[in-house]
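Remarks on the overall topology
Chain residues, written in single-letter form:
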Amino acid sequence: MMIFRLLFVGLMLGGIGGSFVWMRNQHVMKGHQISAMEKQIEDHVREVEMWELRIAGVRDRNELGRRLRWVGSDLAEVDASRVIQIDPNDEFSRPVVGVF
């Protein structure tokens with residue numbers, strides 16, 4: 001009877017210990033998954049910020065000109081003295097653009 005009690009107590013302690021180790025390992029693995037997801041989120045946030053900076057840079061006229069020169073664009077700057085501004089409210093007696 002004494003051997004049965006010792007065997008029962010040993011099995012109980014072994015089961016409790018094994019359950020604790022199993023639960024702890026599950027907790028650690030879940031923590032690693034959470035850390036990996038947080039790292040992916042940080043990477044995506046960094047990528048979005050970089051794209052926002054690129055967009056803001058392209059919207060700036062000076063930055064856009066610098067980028068066009070850097071890539072060797074064939075576009076040329078527009079001379080302000082050659083620009084004609086037309087008021088849309090003006091009435092013309094002849095067509096503005098015509099082919100002769």
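The notes below deal with the structure included here. (Residues numbered from 1 in each chain as written. Predicted model: local features only at pLDDT ≥ 70, side-chain atom pairs only at ≥ 80, totals over all residues. Heavy atoms only, no water.)

1. Observations concerning the overall build of the chain
When helices and strands are counted, the chain shows 2 helices and 0 strands. Looking at the chain as a whole, 1% of its 100 residues are labelled buried. Only carbon and sulfur atoms are counted for the fraction: they give 63% of the accessible area of the chain, which is about 10400 Å². (Helix = DSSP H or I, 4+ residues; strand = E, 2+ residues; numbered from the N terminus. Buried < 20%, exposed > 50% of the residue type's maximum accessible area, 1.4 Å probe, protein only. Areas by Shrake-Rupley, 256 points an atom, 1.4 Å probe, with all protein chains shown as cover.)

2. Comments concerning the packing of helix H1 (residues 2–59) against helix H2 (residues 61–70)
Here H1 crosses H2 at 95 degrees, and the two axes come no closer than 5 Å. Our classification of the angle between H1 and H2 gives roughly perpendicular. Taken together, the residues of H2 that come into contact with H1 (itself represented by Arg-54, Gly-57, Val-58 and Arg-59) are Arg-61, Glu-63, Leu-64 and Arg-67. (Axes fitted to C-alpha atoms, helices over the stretch in contact; angles between N-to-C directions. Parallel < 35°, antiparallel > 145°, perpendicular 65-115°, else oblique. Contact = heavy atoms within 4.5 Å.)

3. Remarks on a nonpolar patch on the surface
On the surface, a nonpolar cluster with roughly 630 Å² of combined accessible area is contributed by Val-58, Leu-64, Leu-68, Trp-70, Val-71 and Leu-75. It is H2 that provides the largest number of residues to the nonpolar patch, a total of 3 residues. Assignment of secondary structure puts Val-71 in the segment after H2. Judged by its relative accessible area of 57%, Val-71 falls in the exposed class. (Patch = residues over 30% accessible without salt bridge, like charges linked within 9 Å, V, L, I, M, F, W, Y side chains within 5 Å. Salt bridge = Lys/Arg side-chain N within 4 Å of Asp/Glu carboxyl O.)

4. Details of the pattern of salt bridges
Inspection of the entire model under this criterion finds 2 salt bridges. For Lys-39, the salt bridge identified is with Asp-43, shortest N-O distance 3.3 Å. With Lys-39 and Asp-43 both in helix H1, this residue pair falls 4 residues apart, about one helical turn. Here Asp-43 falls in the partly exposed class, since its relative accessible area comes to 33%. One salt-bridge network, held together by shared partners, links Lys-39, Asp-43 and Arg-46.

Nothing here speaks to function; it is geometry throughout.
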